[in-house]
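As a plain string of letters, each chain reads:
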Amino acid sequence: MPVRKDIESVLVIGSGPIVIGQAAEFDYAGTQACRALREEGKRVILVNSNPATIMTDEGVADVTYIEPLKVEVLRRVIERERPDGLLATLGGQTGLNLAVELHEAGILDEFSVKLLGTPLATIQKAEDRELFKQLLLDLGIGAPPSKTVTAVADALTFAEEIGLPVVVRPAFTLGGTGGGVARTRADLERIAASGLSASPIGQVLIEQYLKGWKEIEYEVIRDSADACITVCNMENFDPLGIHTGDSIVVAPSQTLSDREYQMLRTASLRIIRALGVEGGCNVQFALDPQSFQFYVIEVNPRVSRSSALASKATGYPIARVAAKIAIGLRLDEISNEITGKTVAAFEPALDYAVVKIPRWPFDKFPLADRNLGTQMKATGEVMAIDRTFEAALQKAMRSLEIRPDALKPAQPEDGAEVPEGREFEPNDQRLWRLLDTIRCDTADGMLEDLHRETGIDLWFLAKLRNIVKLEEKLASRPLTPSLLRQAKRMGFADAQIAALIPGIAGDSAAPDTGAHDVRALRHAWGILPTYKMVDTCAAEFAARTPYFYSTYEQENEAEPLAGEKALVLGSGPIRIGQGIEFDYCSVRAAQELRAAGVQSILVNSNPETVSTDFDMSDRLYFEPLDSESVLNILENEAETGASLPPVVTQFGGQTAIGLAAPLAAAGTPLLGTSVESIDLAEDRRRFDDVLERLNIPRPKGGGVRTVGEAMAVANEIGYPVLVRPSYVLGGRAMEIVRTEAALERYVTRVVEQFGEHPILIDRYLSGREVEVDVICDGTDVLIPGIMEHLERAGVHSGDSFAVYPPRSLSGEETATIARYSRALALALGVRGLMNAQFVLTEPNGSAPGENVYILEVNPRASRTVPFLSKVTGVPMVTLATRIMLGVTLAEQGYAGYADGLWPAQPLVAVKGPVFSMQKIIGGEMALGPEMKSTGEVMGVDKTYAAALRKALLAANISVPERDGCAYVSIADRDKSEAMPILRALADAGYMFYATPGTARLLSEQGIRAGSVGRISEGHTTILDLIRTRKVQLVINTITGGRGPIREGIEIQDGFQIRRAAVEHNIPCLTSLDTARAVVEALADAGGYAVLPVGMYREGA
Amino acid sequence: MEIERSETFAVLALEDGKVFYGRPFGAVDALRDGRRGEVVFATGMTGYQEICTDPSYRGQMVCLTYPLIGNYGVAKEDVESRRPWLSALLVREYCDEYSNWRAAASLDDYLAANGIPGMCDFDTRALTRHLRANGTLRGVMRAYAPGETPDIAALVAEAKQVRSVSDLDVVGDVSSAEVEEWEDLTPDPFPRREGEGGAERARVLLIDTGFKRNIARCLAERGIEVVLAPHDVDLEMVRRLRPDGVLLSNGPGDPESVAGLIALTRHLVWEARMPLMGICLGHQILGLAAGGRTSRLPFGHHGANHPVREVRTGRVTVTSQNHNFQVDTVSIPAESGLYVSHINLSDGSVEGLAHETLPVFSVQYHPEAAPGPEDNRYLFDRFAEMVARERNTVALAG
């Protein structure tokens, strides 16, 4: 069947902001799909609310809307663009649900939009638990005993029938939100309630829990002519019960014989045929480890996180093929880009092992529940490829970038004690605990014990033991070339080997020396990595994919690229503070190098991203982002006798910038800002000197290493102080400290956790916070735009709403900010991008502009680069990359603006943070200096009110416009400031519940408020009000300090209320600034525009 | 090289002078005087036990491209013939710590017990790429004691002398010696539906040129009585056995070396009008019987991921393959009534033949799978229907 002629234009729905369960994989899928559709001559209209994506960049789709993903918005897009078809299976659960809503609202019919690819009936059959169960029964494929219920009581009744434990699976939710394993009746009551509330249709499935069963996944593709293939199967290291997004996953399966492999493959094909999927589909099985009995656990009739992983693990571009199928092509009509000769109708053969490990955000939420279950908690993941399982696993562990010695025994963080007998319960630490146990316990049958306890297959445990055995060998035997090669084949890092060998790891003051010694030894002995190609066919055909992984073998397939080239460092796993924005930057930089005739080499460890699509650069190395791996690649790319190729370090977030110093020390040339300049910006003392020289004020403070020093500085500058470790990203461990005691606790903890780096202490200045991104070529400076935060300083910039152009800056203030930024960029010697943040205190009669203080400078691309690029139209990464190649701003036509300021555009854009707090059980959601959001959305329009409204809408902060009910609890110091906000709500007909103190205050102001007693005193009214949604908004400013339990009962009350609000999807605002913005948006009932993003810039 | 000379080591030398050093496993002793054979690679990621016991690999050293082998041990049920046949198994990493509920032994023990040597711990992808670039090569593999120095020149010279499978009676090696009713003696892991039973059952003669047991199982599952005949069965004997259909099985080597069977096939199809299905070698035999030609592929097809299109329906399936020879596309005479029914989507080679009017067809790939995808079992249904239909016609006529 050739390409459908009746479809000329296609609407593609993106997945919106990054949240837990829906991350960069959909940018990857969507970007690939847009390109695939345009290759076939289709006009692509894209809608996504997430500005940090590649897909929303100019040139990916024909028309791009950065607008909220809501039915009413999509209706207007459809009305305006009149697409012939809608492709909804590439935007995750968000895209899928919207397609269903658009259909149900009659909009698709009204505008004759055909749903492309997998039919709606299929989506419903796969997503509706009852329908799906029936389909399985019809196929004669079993499903575990289960029942769909819509009330907690029914869940309990059914559980009595089949016995506990049971799994609760909510219908139509993302990443298993609201689900879990219930072991007790109380568990079930709680989980069923949360599941029912999380499910948009109020439906959950109660299912028998199959303890210890294997979890196996298949990625399947079907075309409209009924041809089916499986791209890949995957086996979970962790047995059933942990969400696959939270599981360590291995591809291909390792412990299945061909019979089992084919049995499940055949079942997958039967299911996808019976469903009638046209495109990609993911099928998850539970397999009894002691028989051929299997059950189907879940089916996703769309591209998914697993399909992104499968694509990267095999080289097979699932999203591309799915998009082509959607417009009528058959599998045997789609070419296999990898070989250029064969077709997409084949099944990849792997000749390596792939390991994926999730990256969890518990470093940000020390008190959150770290246990893993059916509800996903990871923000991102890493993948590694090698020819041994041990090496793939160890490389993946390194890629997590959790601690410098990622493979050492687990350190219980924050003194968390593990209760006896629960050491191996599934959590983020389990892999390390297992290794540790194997290290300590050498008794016979120990692996069997571990297997019995954890259900993890003995094959995997034996592999862990192989790693431990080699550690012992390294520690106890003289190092020979053969032993060293064996260690490298098992994926041991040089640093790891050095730490194990008594002779080498002598110098604790310079931990890198050991690794250098091992490296030198490897060179002397000729033990160098080889690079093998990911070619989908196990070398059966000559492939042309520029996609490589390292392994210690005989033959190297990656000859150095000929000609000029540069290496771009990616940003590793998606984590809070380092998200998809940096992938955007890396990809744009690689493409720009290419455009400039320089071959781009990308290095990254994240399988979800666009950057690890082998089409995005001239060559992709899928490797950990550490200095050993990167240096190896550079040496491999250096032609004989030539020096190492240069590296671009400023686009991959803190991961990449952190590699600048070690790489430069090893003789690598850096493109752009030098190591010296980076150090100048990041070293507190040197930076202070620069500021002094430039006469730029900053909040008083200093760098300290001990509690004593900290006290001295704090006493001098006065409390409250803002404290943080240096060299971290995303405000990691940053806090506002108000007392001496709290400071002591903080310093002690941070020294333990982060080691020798200094701790920075600054006077905390409250005021407006402003952020700029700056491009500098050494002579000229361009400031594409200034962003003003809605929340005052003290809330991490990544968690703030930000407005472009700024609303409240005076001309003087703007000029001062521009002047400071320019002076700093030039003084620091920035070549490329720099980000600077300022706080503006109340002018208070001081000389104009003198109220501007610099807060921090980052000599690299920041989180706001994609946002600002899109709203200003300045191709920031392009400019910066060209500067690195020696082309000045003037030569690029971007010099000569007054104060270096790019003219403000005739639009207003509001960037809104998006949180995943629902998933992080027990996590504190109140805003503070440490970043907590996982993603962002953008509202752009002609007026501030409309842009704000759209940002709130896109961020899912929706409260009733009138006559709502709010619960308010305001800290004493905030009370006067809160009154006008509450008054405005009251004027909109809102009713209030409040803590007794706040209620009294409201009454005094003539606003009626119900007083609600403390939870700690046995009053649970407020929790009931939230649970029953009598309350639709919570405003709760906290009194400061850290930790809900440690800080006493009052906080604990607030904490419980905030959690309850989060878990029931009720907006909970902890900053009065955000609350003010929400109220402002309510007051303005005006409409908003729906336009392609470029048209706002043109002032349409 | 990863292998230290302080341990026993193995050397694989190819006829073109390329040499690989590795560690021997399996029947190491058998390697003392060397093993000879053609070296091929197979790309399936599972099914090493089925590959080892597939008689089609007789005379060949098989390099598995998936690097971790031995993971799930060996199971009693997963043998495709009475013993492993390949000359040697070449793998990247042999895993002795197997784990699977059906595993009865390790692959190492199994190979050792059956006299099959293996070599591991070397760059199998480098070998695969070498074979892809240079085609199937002959090779010699030998084990050496610690400290011993191999005479590489002598090994290479020996490799050049290795006889090609075309010059060997490999079919004779693997074929059963006499006619017998097939009985599934392998414990079957899946509960299967019993055949219809009794005198009503259709009888198919499975001519054993090295058949895989799953072929017989696939027939038996469809209620067919399977009678095995040796590869040199003659027309007389076929007449005596009065089959309702004939299945030409897979097998090793060059199809031209089974001239008797080609002649017999010609008679069965065009004279006796016997329902006939050919698989792999059986397909090539049908092609030759029709007057077509066969030739050697550069490095064969050995894997579980080959896409095939049925020409007339457009149906695309993924197939399991293991062959070095092919039927040449343009060689089938039109007057034979055969046409190319299936083609390979990767290289366009012939994957199936069918007769315009007679109940005859063949496929180059393995519809019985084991190992590999089960997508093509429908061909057995098709054959069973053909046999049943012809039987009815005969019965009505008689």
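Within chain B, the regular secondary structure consists of 10 helices and 19 strands. For chain B, whose C-alpha radius of gyration is 21 Å, the value lies close to the compact-globule estimate of 21 Å for 398 residues. On the principal axes, the C-alpha backbone points of chain B span a range of 75 × 45 × 40 Å. Each of the 398 residues in chain B was classed as buried or not, and the buried ones make up 59%. Sequence-distant contacts in chain B: of pairs separated by 6 or more residues, those separated by 24 or more amount to 77%.

Looking now at the sheet that holds strand β9 (residues 204-208) of chain A. All names here are of chain A. Taken in spatial order, the 4 strands make up an open sheet running β6-β9-β7-β8, and their pairing is antiparallel. Of all strands in the sheet, those bounded by a partner on one side alone are β6 (146-149) and β8 (180-182). On average, adjacent strands in this sheet sit at an angle of 25° to one another, irrespective of strand direction. Sheet topology note: the strand β7 (residues 166-170)/β9 ladder contains 5 bridges and is antiparallel.

Before going further, it helps to examine the environment of A126(A). Residue and element names in this part refer to chain A. Mapped onto the elements of the fold, A126 is located in helix α5 (residues 120-127). Separated by 149 residues in sequence, A126 and L275 have C-alpha atoms that sit 7.3 Å apart. The contacts of A126, once residues within four sequence positions are left out, are F132, L275, V299 and P301.

Looking at the assigned domains, one finds that chain A contains domain 1 (9-116), domain 2 (145-209), domain 3 (355-410 + 422-525), domain 4 (530-606 + 615-666), domain 5 (700-759) and domain 6 (959-1083). Centre-to-centre, using C-alpha coordinates, domain 2 of chain A lies 45 Å away from domain 4 of chain A.

The next point concerns the confidence of the model for chain A. Chain-level statistics for chain A give a pLDDT mean of 91 and a share of 95% at 70 or above. When the criterion is pLDDT under 50, residues 409-416 of chain A qualifies, and its contacts beyond four places in sequence or with other chains add up to 10 contacts.

In sheet architecture, strand pairing relies on hydrogen bonds along the backbone and comes in two forms, parallel and antiparallel. Residue and element names in this part refer to chain A. In space, the 7 strands of this open sheet follow the order β17-β18-β21-β20-β19-β22-β23, with mixed pairing throughout. Here the strands that pair on one side only, and so sit at the sheet edges, are β17 (530-533) and β23 (670-671). Alignment of strand β18 (residues 547-551) against strand β21 (residues 619-622), held across 2 bridges, turns out to be parallel. Bridge pairing links F548 to Y621 in β21.

Residues and elements named next belong to chain A. At a minimum axis distance of 10 Å, the contact between helix α14 (residues 446-454) and helix α15 (residues 458-476) shows a crossing angle of 130°. On the basis of the axis angle, α14 is oblique to α15. Considering the relative orientation of α14 and α15, their crossing is right-handed. Where α14 approaches α15, its residues L447, L450 and H451 are matched on the opposing element by L458, L461, A462 and R465. Of the residues contributing to the contact of α14 with α15, the split by class is 5 nonpolar, 1 polar and 1 charged.

The biggest cluster of nonpolar side chains holds 477 residues, and the ones touching the most others in it are V12(A), V355(A), V62(B), L90(B) and L206(B). Element by element, the count of residues in this core is highest for helix α19 (residues 580-595) of chain A, at 8 residues. Leaving out residues up to four positions away in the same chain, V62(B) has contacts with V40(B), A42(B), I51(B), Y57(B), L86(B), L89(B) and L90(B).

Residue and element names in this part refer to chain A. Two numbers describe how helix α20 (residues 627-637) lies on helix α21 (residues 653-665): the axes approach to 10 Å, and their chain directions differ by 55°. Taken as axis vectors, α20 and α21 run oblique relative to one another. The handedness of the crossing between α20 and α21 is right-handed. Of the residues in α21, those in contact with S627, V630 and L631 of α20 are L659, P662 and L663. For the contact of α20 with α21, the class distribution of residues is 5 nonpolar, 1 polar and no charged.

Attention now moves to the pairing of strand β31 (residues 832-840) of chain A. Residues and elements named next belong to chain A. Across the 9 residues that make up β31, a large majority, 8, are buried. As judged from the 9 bridges shared by strand β28 (residues 768-776) and β31, these two strands associate in the antiparallel manner. Bridge pairing in β31 places D773 opposite N835.

Here we take up the domain arrangement of chain B. All names here are of chain B. The domain boundaries assigned to chain B delineate domain 1 (9-163) and domain 2 (171-397). Computed from C-alpha atoms alone, the centre-to-centre distance between domain 1 and domain 2 is 29 Å. Among the elements of the structure, β3 (35-42), α1 (48-52) and α3 (124-134) are those that each provide at least two residues to the side of domain 1 that touches domain 2. For the side of domain 1 that touches domain 2, the element with the highest residue contribution is β3, accounting for 3 residues. Here the side of domain 1 that touches domain 2 is built from residues that sort into 9 nonpolar, 9 polar and 8 charged.

The partner chain A presents 46 residues to the 43 residues of chain B that form the contact. At the level of secondary structure, the elements contributing two or more residues to the side of chain B that touches chain A comprise α3, β15 (294-310) and β16 (316-327) of chain B. By residue number, the principal contributor to the side of chain B that touches chain A is α3(B), which donates 5 residues. Here the side of chain B that touches chain A is built from residues that sort into 17 nonpolar, 12 polar and 14 charged.

Residues and elements named next belong to chain A. Its 13 residues place the ends of helix α3 (residues 92-104) 19 Å apart at the C-alpha level, agreeing with the 18 Å of an ideal helix rising 1.5 Å per residue. Inspection of α3 places G92, Q93, T94, G95, L96, N97, L98, A99 and L102 among the buried residues, and these make up the whole buried set. At the exit of α3 stands G106, carrying a positive phi of roughly 75°.

Each value, and the rule that gives it
- Residues numbered from 1 in each chain as written.
- Chains lettered and ligands numbered in written order.
- Predicted model: local features only at pLDDT ≥ 70, side-chain atom pairs only at ≥ 80, totals over all residues.
- Helix = DSSP H or I, 4+ residues; strand = E, 2+ residues; numbered from the N terminus.
- Rg over C-alpha atoms; globule rule 2.2 N^0.38 Å.
- Buried ≥ 20, exposed ≤ 12 C-beta atoms within 10 Å, placed from the backbone.
- Contact = placed C-beta atoms within 7 Å.
- Pairing = 2+ DSSP bridges.
- Axes fitted to C-alpha atoms, helices over the stretch in contact; angles between N-to-C directions.
- Domains from an automatic or database assignment.
- pLDDT = per-residue confidence, 0-100.
- Parallel < 35°, antiparallel > 145°, perpendicular 65-115°, else oblique.
- Left-handed = near helix turned anticlockwise from the far one by under 90°.
- Nonpolar A, V, L, I, M, F, W, Y, C, P; charged D, E, K, R; others polar.
- Core = buried A, V, L, I, M, F, W, Y, C linked by C-beta atoms within 7 Å.
- Expected span 1.5 Å × (residues − 1).

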